[in-house]
Structure formats: C-alpha cells, structure tokens
Amino acid sequence: MKLLLFLVALLISTAAIAQQPVTTFILLRHAEKDNDGTSDPDLSEAGKVHAELLTKFLSKTKVDAIYSTAFKRTKNTVASLAQLKGLTVESYNPSKLAEVDAMIQKYSCGTVVLVGLSNSTPAIINYLSGRKEEYKTFDDSEYGNLIIVSVVERGR
C-alpha cells in the first residue's frame, strides 16, 4: 500500500513539473586556444577541430540561441554551430547575471548554448542550479566539459 501511494505521489509531482516551462542551457568552455601571447587569442588548430566536433555533436539538437563572451576563442568555438543552425552568436557579459535571467525568460521552453571561460562557465552553472560554489574554475588544460542544466526557474 505504501508503495502504491509513493508511486501515485511520484506521478503527480512529475506531471506538475512537466507542465512548467523548462529552459535548457548547454554550457561549455571555449575550445583549445592558441598561445600567441595576447590576451585575446584565437583557437589553435586543435581548438578548430574541437569546434567542428562540437558542431557535429549538436547538429541534431534543437538550439534556439547561442551566446558567447566577447573573446575570439569563445565566439569561434560556436561560430560553425551558429552557421549550421542559422543563428547569430549573441554576446553576453558573464558578470551581469541579469543577462542570464533574461535568457531564461526569453527562451522559456527552449535551448540556449552558452560558451564562456574556465572561470565564468562554472559560475553560471552554479547560478542557474542554485548550488552556490559546487562547480569550481575549470583547470586551464580542461576543454572538454559540456554541462546541460535544465531550469524551471533559476536555482531550481
């Protein structure tokens, strides 16, 4: 009897959540960067290959918007994906979290690809999930992280 009541409660709560709009964020750090000594390097050859693989990986995924920080390496990580999807890479400032809140509202029930840096991407994951500081800055040699966060409302 307890199991039956548990299953009924689970079904009801699942149905309630399913009726709420969910915004899906695909968050990633830029692909491998060139070490050209500047503060705004482009992608390395390995990074260009990585970006093409990302495009292929997400080719069948519905994407409603693509956002990038202002750096060449972040924009170029998603440039071919944007071209494939017929979208423009929009700029965002990761220190202005109100911009992330606006994305949740604007793309309710949609999917947003958000590319950033080793420190900004984990911070936005924490912001979206309400997990404070669970995700730390990515190691400088880590380029393969792709995190999906489904948001009913920020922090949930």
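About the criteria used
- Residues numbered from 1 in each chain as written.
- Predicted model: local features only at pLDDT ≥ 70, side-chain atom pairs only at ≥ 80, totals over all residues.
- Heavy atoms only, no water.
- Buried < 20%, exposed > 50% of the residue type's maximum accessible area, 1.4 Å probe, protein only.
- Helix = DSSP H or I, 4+ residues; strand = E, 2+ residues; numbered from the N terminus.
- Contact = heavy atoms within 4.5 Å.
- Core = buried A, V, L, I, M, F, W, Y, C linked by side-chain atoms within 4.5 Å.
- Phe/Tyr/Trp six-rings, centres within 6.5 Å; stacked < 30°, edge-to-face > 60°.
- Polar contact = N/O pair within 3.5 Å; in protein donor to acceptor, adjacent residues only side chain to side chain.
- Axes fitted to C-alpha atoms, helices over the stretch in contact; angles between N-to-C directions.
- Parallel < 35°, antiparallel > 145°, perpendicular 65-115°, else oblique.
- Left-handed = near helix turned anticlockwise from the far one by under 90°.

Regarding helix α5 (residues 120–129)
At step 1: The buried fraction of α5 is high, at nine of ten residues.
At step 2: Among the residues of α5, those classed as buried are Ser 120, Thr 121, Pro 122, Ile 124, Ile 125, Asn 126, Tyr 127, Leu 128 and Ser 129.
At step 3: Elements that come into contact with the buried residues of α5 comprise β1 (23–29), α4 (97–106), β4 (111–116) and β5 (146–151).
At step 4: Note on α5: the residue one or two positions beyond its end, Gly 130, has a positive phi of about 75°.

Side note on the nonpolar core
At step 1: Counting residues in hydrophobic clusters, the biggest one holds 19 residues, and the most contacted among them are Phe 25, Leu 27, Tyr 67 and Leu 128.
At step 2: Counting only elements with at least two residues in this core, the list comes to β1, β2 (65–68), α4, β4, α5 and β5.
At step 3: Residues within four places of Phe 25 in sequence aside, it is in contact with Val 100, Met 103, Ile 104, Val 112, Leu 128, Ile 147, Ile 148, Val 149 and Val 151.
At step 4: One finds Leu 54, Leu 58, Ile 66 and Leu 81 within the second-largest nonpolar core, a separate group that totals eleven residues.

Notes on the packing of aromatic side chains
At step 1: One pass over the full model with this rule turns up one aromatic pair.
At step 2: Relative to Tyr 107, the ring of Tyr 67 has its centre 6.3 Å away and its plane inclined at 75°; by these criteria the two rings are edge-to-face. Remark: Tyr 107 occurs in the loop between α4 and β4 and Tyr 67 occurs in strand β2; sequence separation between them is 40 residues. Like Tyr 67, the residue Tyr 107 is buried in the burial classification.

Thoughts on the side chain of Thr 23
At step 1: On the secondary structure map, Thr 23 appears in strand β1.
At step 2: The exposure class of Thr 23 is buried, given its relative accessible area of 1%.
At step 3: Within the structure, Thr 23 has its side chain in polar contact with the backbone oxygen of Ile 104 (distance 3.2 Å).
At step 4: Polar side-chain contacts of Thr 23 include one of 3.5 Å to the backbone oxygen of Tyr 107.
At step 5: What Thr 23 contacts, discounting residues up to four positions off in sequence, is Met 103, Ile 104, Tyr 107, Ser 108, Cys 109, Gly 110, Val 112, Val 149, Ser 150 and Val 151.

Some words on the packing of α4 against α5
At step 1: Where α4 meets α5, the axes come as close as 11 Å, and the angle between the chain directions of the two elements is 55°. It follows that α4 is oblique to α5 by the angle criterion. When you trace α4 past α5, the crossing you get is right-handed. Along its contact with α4, which presents Leu 97, Val 100, Asp 101 and Ile 104, the element α5 presents Ile 124, Tyr 127 and Leu 128.

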